[in-house]
Amino acid sequence: RIEYDNGDVDYVSGSPNKTKNGKIRKDQKDFTYLSPHYISLNVGPSIPFGYFAYSSYSANQGNAYTGFNVNFDATGFLYRGFGIGIIGGYSYSPFQGTQHSTLVTSYLPPTSTGINITCGGWNNAYLMVGGGYFSQIGRFMLDYKVNVGAIFSYFPTANAIYTDSAGVGQNSNFTSNAIGFIYGIQGNIRYFLTRKIQLKGSIAMM
């Protein structure tokens, strides 16, 4: 709406709807104008590229499987559809590393017996900023961004249970972590249930 100095009001879109305290607000079911800005919480699967995912820590071999991903996404659009956003999240993938287990075995005392090694999952936390555009089709909005940022990887922990030469049971953990550079693309589709509440689907490649 446009409010003039003399108190007159022109409605550009929507219609007057007074609250209990007398203020005028837009009807939440009036979809003639929808704001493209959003804050969202996203939960879904985390799928490794091509099934294989490993690092030098796991002897450059191993398989990561589909896990889960959760992130927080806040995006605002500024000029002619261009917007900037920030996304932070966490992903987890189960990991099977036969070569990793073999490598850990080589770290144990050569006289060890009853060796049992298990591998944990792959944990990643990331923070990215990005820029992109949006388009609107009725109550649907599409937006797409290019993101860059940093990722903290806590590589799969190898747990070794064994008996040493003195016959004493031992339990050792082998861990490693690293901070790296991350980049990717993201696409979102949103459907407005009301002017402020939306359903959102998102896919990202990182």
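Since the structure is predicted, the reported quantities are computational estimates derived from the model, not experimental observations.

Some points on the packing of aromatic side chains
- Tallied over the entire structure, the rule returns 9 aromatic pairs.
- Plain terms: the ring middles of F95 and W122 are 5.8 Å apart, the flat faces sit at 80 degrees to each other, and that makes the pair edge-to-face. In this pair, F95 is assigned in strand β9 (residues 95-96) and W122 in strand β11 (residues 122-137), connecting sequence segments 27 residues apart. For the pair F95 and W122, a shared accessibility class is recorded, and that class is buried.
- A centroid spacing of 5.4 Å and a plane angle of 70 degrees characterise the contact between W122 and F155, whose relative ring orientation is edge-to-face. Taken as a pair, W122 in strand β11 and F155 in the loop between β12 (140-154) and β13 (158-163) lie far apart in primary sequence, 33 residues in all.

Structural notes on the sheet that holds β11
- Ordered in space as β5-β7-β8-β11-β12-β15-β16, the 7 strands form an open sheet in which the pairing is antiparallel. Both edges of this open sheet fall to β5 (38-46) and β16 (198-205), since each of them pairs with a single strand only. When strand polarity is set aside, the average angle formed by the axes of neighbouring strands in this sheet is 25 degrees.
- Both β11 and β12 contribute to a ladder of 15 bridges, which runs antiparallel. Each residue of the ladder has a partner; that of Y126, found in β12, is I151.

Reading guide: rules and limits
Residues numbered from 1 in each chain as written. Predicted model: local features only at pLDDT ≥ 70, side-chain atom pairs only at ≥ 80, totals over all residues. Heavy atoms only, no water. Phe/Tyr/Trp six-rings, centres within 6.5 Å; stacked < 30°, edge-to-face > 60°. Helix = DSSP H or I, 4+ residues; strand = E, 2+ residues; numbered from the N terminus. Buried < 20%, exposed > 50% of the residue type's maximum accessible area, 1.4 Å probe, protein only. Pairing = 2+ DSSP bridges. Axes fitted to C-alpha atoms, helices over the stretch in contact; angles between N-to-C directions.

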